[in-house]
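# Remarks on the overall topology
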Amino acid sequence: MNSTENFAEPLFLNPVLTHNIWGGTRLRDDYGYKVEGNDIGECWGISAHPNGEGTVRGGAFDGVKLSELWETHPELFGNKGADGERILPYDRFPLLTKIIDAKDDLSIQVHPDDEYAAEHENGSFGKTECWYVLDCDDNSSLVIGHNATTKEELKDMINNGRWSEFIRELPVKKGDFLQIDPGTVHAIKGGVLILETQQNSDITYRVYDYDRLQNGKPRQLHVSQSIDVINVPAKSADDSIRHMADTEINTPVCMYECKYYKVFKISVDGSMKLEQKYPFMGISILEGCGTVNGFDVKKGDHLILPNTVRESEICGKMEIIASTV
């Protein structure tokens, strides 16, 4: 396809599923992804990262990798100026959307910012991310932040394994939203299912992994890098969680906006119009089913509304998380 100026289809994506030591079965049982095993940790729903890259499902670009589409058809992503120049400040598709099923606890971890990652991780983006709690067991919690007050105390707590003093756990419930800035100590705990929106990065520094063994060996830790990048003191616990379960019907509600992404919750009941005010819009169907511009969609579908679709009609009864830059 040479010209896509009038391209009017959503770009449906084939997700990539990963096997993880802490994963479970909900991504298959609840979302219908066709994957074997009882350790399915992540669905990379909208991804152009080489560690788990999605391809287009159906339509004019069937089978094309998202990274290739970004390069060859920048106009689909609002990235082509009048003279053909690239106008967005990204050399790759900038976002990554995941669904994460934590049957067991994930490691205590932290992510670097752009500057640190560019210098120490071969030019990678840093990793700013946010979580929307899709479901969780009663009395669930997440690790967000830490209790060290100085860098020296931080080093002492980590180097001497004072984990119960160091780690800060906060109670969460379905519908909670959390922004995880680089330098934030965090971990998803067992029994929590989340939708994660993040920069297109796969850089994680493990601080502590509960002395677990994988294939008979401990997983790699990144203690020195973690100490480098952890923010001290941590952000206030009162500023860490917002409850977003019940939002206005048939309108995009912005849950968070920063220089890396804008993330919206959309509760559809009936029909609504979605105007394309942004370069593109990533869509993940969390619950229910319906149509987007006449195309059938259901729970577990991930798609991109390209820049060439100026307005979309969304019909049905659905819960959606949408993201853009």
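Below is a summary of the structure that appears in this document. This is a predicted model, so every value here is computed, not measured.

Conventions adopted
Residues numbered from 1 in each chain as written. Predicted model: local features only at pLDDT ≥ 70, side-chain atom pairs only at ≥ 80, totals over all residues. Heavy atoms only, no water. 1 Å grid on protein atoms, 1.4 Å probe; cavity = no way out; pocket = protein on both sides within 12 Å on 5 of 7 lines; lining within 4 Å. Points joined across faces, edges and corners; volume = space filled by probe spheres on them. Nonpolar A, V, L, I, M, F, W, Y, C, P; charged D, E, K, R; others polar. Pairing = 2+ DSSP bridges. Helix = DSSP H or I, 4+ residues; strand = E, 2+ residues; numbered from the N terminus. Salt bridge = Lys/Arg side-chain N within 4 Å of Asp/Glu carboxyl O. Buried < 20%, exposed > 50% of the residue type's maximum accessible area, 1.4 Å probe, protein only. Arc of directions from axis to C-beta. Contact = heavy atoms within 4.5 Å. Polar contact = N/O pair within 3.5 Å; in protein donor to acceptor, adjacent residues only side chain to side chain.

Taken as a whole, this structure holds one cavity of 30 Å³ or more when the rule is applied. Taken as a whole, the largest cavity encloses approximately 40 Å³ of empty space. Along the walls of the largest cavity sit L274, E275, Q276, M281, L305, V309 and S312, which together make up its complete lining. Of the residues assigned to the lining of the largest cavity, the class counts are four nonpolar, two polar and one charged.

It is worth spelling out the pairing of strand β20 (residues 295–298) at this point. Bridging between strand β19 (residues 281–292) and β20 involves four bridges; their strand directions are antiparallel. When the sheet's bridge partners are listed, V292 is paired in β20 with F295. Hairpin connection from β19 to β20: two residues lie between these consecutive antiparallel strands, with N293 at a positive phi of about 50 degrees.

Right, let's talk about the pattern of salt bridges for a bit. Scanning all chains against the criterion turns up 18 salt bridges. Residues D135 and R26 are paired through a salt bridge, measuring 2.8 Å at the closest nitrogen-oxygen approach. Here D135, found in strand β7 (residues 129–136), pairs with R26, found in helix α1 (residues 26–29); they are 109 residues apart in sequence, far enough to count as distant. The partner of D91 in a salt bridge is R92, and the shortest N-O contact between them spans 2.7 Å. Look at D91 and you get exposed, because its relative accessible area is 52%. The exposure class assigned to R92 is partly exposed, which follows from its relative accessible area of 25%. Here the residues in one salt-bridge network are R26, D30 and D135, joined through shared partners.

All buried positions along helix α4 (residues 151–159) are accounted for by L154, M157 and I158. With its buried residues spanning 95 degrees around the axis, α4 presents them on a single face. Exposed residues lying more than 90 degrees from the buried face of α4 are E152 and N159. Looking at the buried side of α4, the elements it contacts are β8 (141–146), α5 (163–166), β13 (205–208) and α6 (223–229). Looking one or two residues past α4, G161 carries a phi angle of roughly 65 degrees, positive in sign.

So, on to the side chain of Q198. Here Q198 lies in strand β12 (residues 192–199). For Q198, a relative accessible area of 0% corresponds to the buried category. Here the side chain of Q198 touches S201 through a polar contact of 2.7 Å, landing on its backbone oxygen. Setting aside residues no more than four positions away along its own chain, Q198 makes contact with P94, L95, L96, K98, K127, T128, E129 and Y261.

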